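# Structural overview
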Amino acid sequence: MSGNVTFTMIKPYAVKKNFVGPILKIINEKGYRIKAMKMTRFTRERAEAFYDVHAGKPFFNELVDFMSSGPIVAAILEKENAIADFRELIGNTNPEKAAEGTIRKLYASSLTANAIHGSDSDENALREGSFFFSEMEQY
Ligand code: GTP
Ligand code: MG
């Protein structure tokens, strides 16, 4: 994939606040093509598996509770240099540190409810996308 395909999730509180439309508008305007998309929901067990790299950390339970608290929008996005560019577009994990104009600056509520996820490597994009899209391999 060499950096051109990434995986994203619009997280529960942003979905609840009706930010799906405005966030997708930014994603479209920045030139990402939506290759696959669905509104779905994590069970607690699937959220634990998705975030297993954080198991045992102090924020793990809050993260898993939050991510399984309501619907999310999962999508596979394609653009040249998508992985790195999308991380820049979403902004710092902590919305208080996120740069002006980033999605987290605009739509995040807290470190946990930080609006959106973006994969940080080809390997993780494939791993994470495969949680939701069985056809991930073809991208
Ligand atoms: P994602 O795109 O959601 O993966 O965020 P990230 O790559 O910017 O952060 P990371 O993968 O390190 O952490 C995953 C999620 O765990 C973050 O989005 C936060 O919601 C949460 N998280 C990470 N570090 C902390 C922390 O120190 N405190 C709290 N409360 N939450 C954290
Ligand atoms: Mg991450």
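Before reading further, recall that the structure is shown in the block above.
In short, a report on the structure. (Residues numbered from 1 in each chain as written. Chains lettered and ligands numbered in written order. Predicted model: local features only at pLDDT ≥ 70, side-chain atom pairs only at ≥ 80, totals over all residues. Heavy atoms only, no water.)

## Focus: the overall build of the protein chain
Counting its secondary structure elements, the protein chain contains 7 helices and 4 strands. Starting at the N terminus and ending at the C terminus, the protein chain contains elements arranged as β-α-α-β-α-α-β-α-α-β-α. Taking 14 Å as the expected radius of gyration for a compact globule of 139 residues, we find that the protein chain reaches 14 Å, a close match to that expectation. By the burial criterion, 48% of the 139 residues in the protein chain qualify as buried. The long-range fraction of contacts in the protein chain, counting pairs at least 24 apart against all pairs at least 6 apart in sequence, stands at 75%. Total accessible area computed for the protein chain in this model is approximately 7200 Å², and 48% of it derives from carbon and sulfur atoms. In the protein chain, 18 side chains carry a positive charge and 18 a negative one; their mean positions are 6 Å apart. (Helix = DSSP H or I, 4+ residues; strand = E, 2+ residues; numbered from the N terminus. Rg over C-alpha atoms; globule rule 2.2 N^0.38 Å. Buried < 20%, exposed > 50% of the residue type's maximum accessible area, 1.4 Å probe, protein only. Contact = heavy atoms within 4.5 Å. Areas by Shrake-Rupley, 256 points an atom, 1.4 Å probe, with all protein chains shown as cover. Lys, Arg positive; Asp, Glu negative; His and termini not counted. Charge placed at Lys NZ, Arg CZ, Asp CG, Glu CD.)

## Some words on the pairing of strand β1 (residues 5-10)
Among the 6 residues of β1, 6 are classified as buried, and the element is accordingly described as predominantly covered. Here β1 shows a buried face lined by Val-5, Phe-7 and Met-9 and a second buried face lined by Thr-6, Thr-8 and Ile-10. Of the strand pairs in this sheet, β1 and strand β4 (residues 116-118) are connected by 3 bridges, and their pairing is antiparallel. Directly across from Ile-10, in β4, lies its bridge partner Ile-116. (Pairing = 2+ DSSP bridges.)

## Here we look at the side chain of Thr-6
Its location among the elements puts Thr-6 in strand β1. Taking relative accessible area as the criterion, Thr-6 reaches 0% and is therefore assigned buried. Ignoring any residue separated from it by four or fewer positions in sequence, one finds Thr-6 in contact with Ala-75, Ile-76, Leu-77, Ala-82, Ile-83, Phe-86, Ser-119 and Ala-125.

## A word on the sheet that holds β4
Sheet architecture is open: 4 strands sit in the order β2-β3-β1-β4, paired in antiparallel fashion. Each edge of the open sheet is held by one strand with a lone partner, namely β2 (33-40) and β4. Averaged over neighbouring strand pairs, the angle between their axes works out to 15° when direction is ignored. Sheet analysis places β2 next to strand β3 (residues 72-78), joined by 7 bridges and oriented antiparallel. Paired with Met-37 across the bridge in β3 is Ala-75. Running at roughly 155° to β4, helix α5 (residues 82-90) makes contact with β1, β3 and β4 of the sheet. (Axes fitted to C-alpha atoms, helices over the stretch in contact; angles between N-to-C directions.)

## Overview of helix α4 (residues 60-67)
Given 3.6 residues per turn, any residue in an α-helix points the same way as the ones three and four places further on. When we look at burial in α4, the residues that qualify are Phe-60, Leu-63, Val-64, Phe-66 and Met-67. Down the axis, α4 shows its buried residues gathered within 165° of arc, on one side only. Against the buried residues of α4 lie β1, α1 (12-16), α3 (44-50) and β3. (Arc of directions from axis to C-beta.)

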